Amino acid sequence: MRFLARLLSVVIPLTLLIGGAANARDWKAIQESGTIKAATEGAFQPFNYYEGSTLTGFEVELAEVIAKKLGLKLEWSVVPFDAQIAALKQDRFDFAIASHGFTEERAKSVDFANPHYCTGGQIAAHKGGPLTVSALNGKSVGVQLATTYAGAAQKIKGIKAIKTYKGDPEAFSALRAKKVDAWISDKFTVKGTLDKNPDAGIVGGELVFVEKVSMIMPKGNKELAEKLNHALAEVMKDGSYQALSQKYFKEDVSCR
Ligand code: ARG
């Protein structure tokens, strides 16, 4: 008996920790609370980043107009990118908007909203460095942990080493310090980073793959998905999406 009690005292909290008792808020609960909870990373410019102490970026502002359409306040959680899916499954927030590209693997554990932009993974390297997939043969590449860039790098044959970093700023710094020969990231993140660091001698190269990026939600939260998709469609119609797209990219980044 005592053994059983001791066993349960370990197993029950462990189950809670792993998320076994998690309970996603349904639309009704969200609406009644008046606040929708979103997570982002805050280190992926121009999508979600800090300007001084202010969280901003295309996705941050987009989520804000979406929440407004839904008539809800928005409460942000800033969570490391590689921890977001696990945290979402523990219902620490209602959705994440942090440039998640659609993958079959992710779709096994979370639901994707309709895409809010289309983009691609791009190689960057020092001038004269490996700027194409074939030039990566025998070279090392830096990528952010748990991203589609890490997945794409794993598929490139002949890469000597893949080094993973907590965030893209760290991956870029590693390239800058020549700890890696190349960096793979989002094409807009590469452009923004290179524009801000014109003296780094780093240039953008070949596009490795394209992807559709969406907000992610707990699996099976159908009404929430409908509401988010509807609000996204509305802001795409009323000009607010276009204004943000022009502000951050000077082009239309929607998936046309
Ligand atoms: N688009 C890439 C992916 O889906 C990278 C996303 C990284 N997001 C971030 N907030 N750092 O894996």
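The shown structure was predicted, so the numbers you read here are calculated from the model rather than taken from an experiment.

Peer 1: I'd like to hear about the site of the ligand, residue by residue, with values.
Peer 2: Of all residues adjacent to the ligand, which total 14 residues, the nearest are Glu41, Gly101, Arg106, Thr148 and Glu211. The contact in question runs from a nitrogen atom of the ligand to an N or O atom on the side chain of Glu41, over 2.6 Å. Between the ligand and Gly101 there is a distance of 2.7 Å, counted from an oxygen atom to a backbone nitrogen or oxygen. Against a free-state accessible area of 350 Å², the protein chains account for coverage of 100% of the ligand. Elements with a minimum of two residues in the shell around the ligand: strand E6 (95-101) and helix H6 (148-155). For the shell around the ligand, the element with the highest residue contribution is E6, accounting for four residues. A class-by-class count of the residues in the shell around the ligand yields four nonpolar, seven polar and three charged.

Peer 1: Give me the nonpolar core: which residues, what numbers.
Peer 2: Ile36, Phe58, Ile66, Phe95, Ile184 and Leu228 are the most contacted members of the largest nonpolar core, which totals 47 residues. No other element matches helix H9 (residues 222-237), which puts six residues into this core. Not counting chain neighbours up to four residues away, the residues in contact with Phe58 comprise Pro46, Phe47, His116, Tyr117, Tyr241, Leu244, Ser245, Tyr248, Phe249 and Val253. By size, the runner-up hydrophobic cluster in this structure holds 12 residues, among which are Ala171, Leu175, Val180 and Ala200.

Peer 1: Describe the state of the cysteines, naming the residues involved and giving the relevant values.
Peer 2: Summed over the entire model, instances satisfying the criterion amount to one disulfide. Between the sulfur of Cys118 and that of Cys255 lies a disulfide, 2.1 Å long from S to S. With the S-S dihedral at roughly 105°, the linkage between Cys118 and Cys255 falls on the right-handed side. Highlighted residues: Cys118 in strand E8 (residues 117-126) and Cys255 in the segment after helix H10 (240-249), separated in sequence by 137 residues.

Peer 1: Any details on unusual backbone geometry? Residues and values, ideally.
Peer 2: Glycine aside, residues mostly have negative phi, and peptide bonds are mostly found in the trans state. That bond from Gln45 to Pro46 is cis: its omega, 0°, falls within 30 degrees of zero. Here Pro46 lies in the loop between strand E2 (43-44) and strand E3 (48-51). Of note, the phi angle at Ala146 is positive, near 65°, even though the residue is not glycine. Its place among the elements puts Ala146 in the loop between strand E9 (140-144) and H6. In this structure Ala146 comes out as partly exposed when scored by relative accessible area, which is 44%.

Peer 1: Mind laying out the pattern of salt bridges, listing which residues take part and the relevant values?
Peer 2: Pairing is possible between side chains that carry opposite charge, provided their charged atoms lie close to one another. Using the criterion set out here, one finds nine salt bridges in the structure. Its salt-bridge partner being Asp238, residue Lys69 comes within 2.8 Å of it at the nearest N-O pair. Of this pair, Lys69 sits in helix H3 (residues 58-69) while Asp238 sits in the loop between H9 and H10; the two residues are 169 residues apart in sequence, bridging distant segments of the chain. Judged by relative accessible area, which is 42%, Asp238 ranks as partly exposed. The shortest N-O distance in the salt bridge between Arg256 and Asp252 comes to 3.6 Å. Looking at Asp252, the relative accessible area reads 16%, which means it is buried.

Peer 1: Can you explain the side chain of Ser245? Please cite residues and give values.
Peer 2: The residue Ser245 is located in helix H10 in this model. Residues in contact with Ser245, not counting those within four places in the same chain, are Phe58, Lys250, Glu251, Asp252 and Val253.

Peer 1: Break down a positive patch on the surface for me, with residues and values.
Peer 2: A cluster of basic residues, Lys139, Lys160, Lys163 and Lys179, forms a positive patch on the protein surface. Within the element layout of this structure, Lys179 appears in the loop between helix H7 (168-176) and strand E11 (182-186). Of the residues examined, Lys179 reaches a relative accessible area of 57% and is grouped as exposed.

The rules behind each value
Residues numbered from 1 in each chain as written. Predicted model: local features only at pLDDT ≥ 70, side-chain atom pairs only at ≥ 80, totals over all residues. Heavy atoms only, no water. Near = heavy atom within 4 Å. Polar contact = N/O pair within 3.5 Å; in protein donor to acceptor, adjacent residues only side chain to side chain. Areas by Shrake-Rupley, 256 points an atom, 1.4 Å probe, with all protein chains shown as cover. Helix = DSSP H or I, 4+ residues; strand = E, 2+ residues; numbered from the N terminus. Nonpolar A, V, L, I, M, F, W, Y, C, P; charged D, E, K, R; others polar. Core = buried A, V, L, I, M, F, W, Y, C linked by side-chain atoms within 4.5 Å. Buried < 20%, exposed > 50% of the residue type's maximum accessible area, 1.4 Å probe, protein only. Contact = heavy atoms within 4.5 Å. Disulfide = S-S within 2.5 Å. Salt bridge = Lys/Arg side-chain N within 4 Å of Asp/Glu carboxyl O. Patch = residues over 30% accessible without salt bridge, like charges linked within 9 Å, V, L, I, M, F, W, Y side chains within 5 Å. Lys, Arg positive; Asp, Glu negative; His and termini not counted. Charge placed at Lys NZ, Arg CZ, Asp CG, Glu CD.

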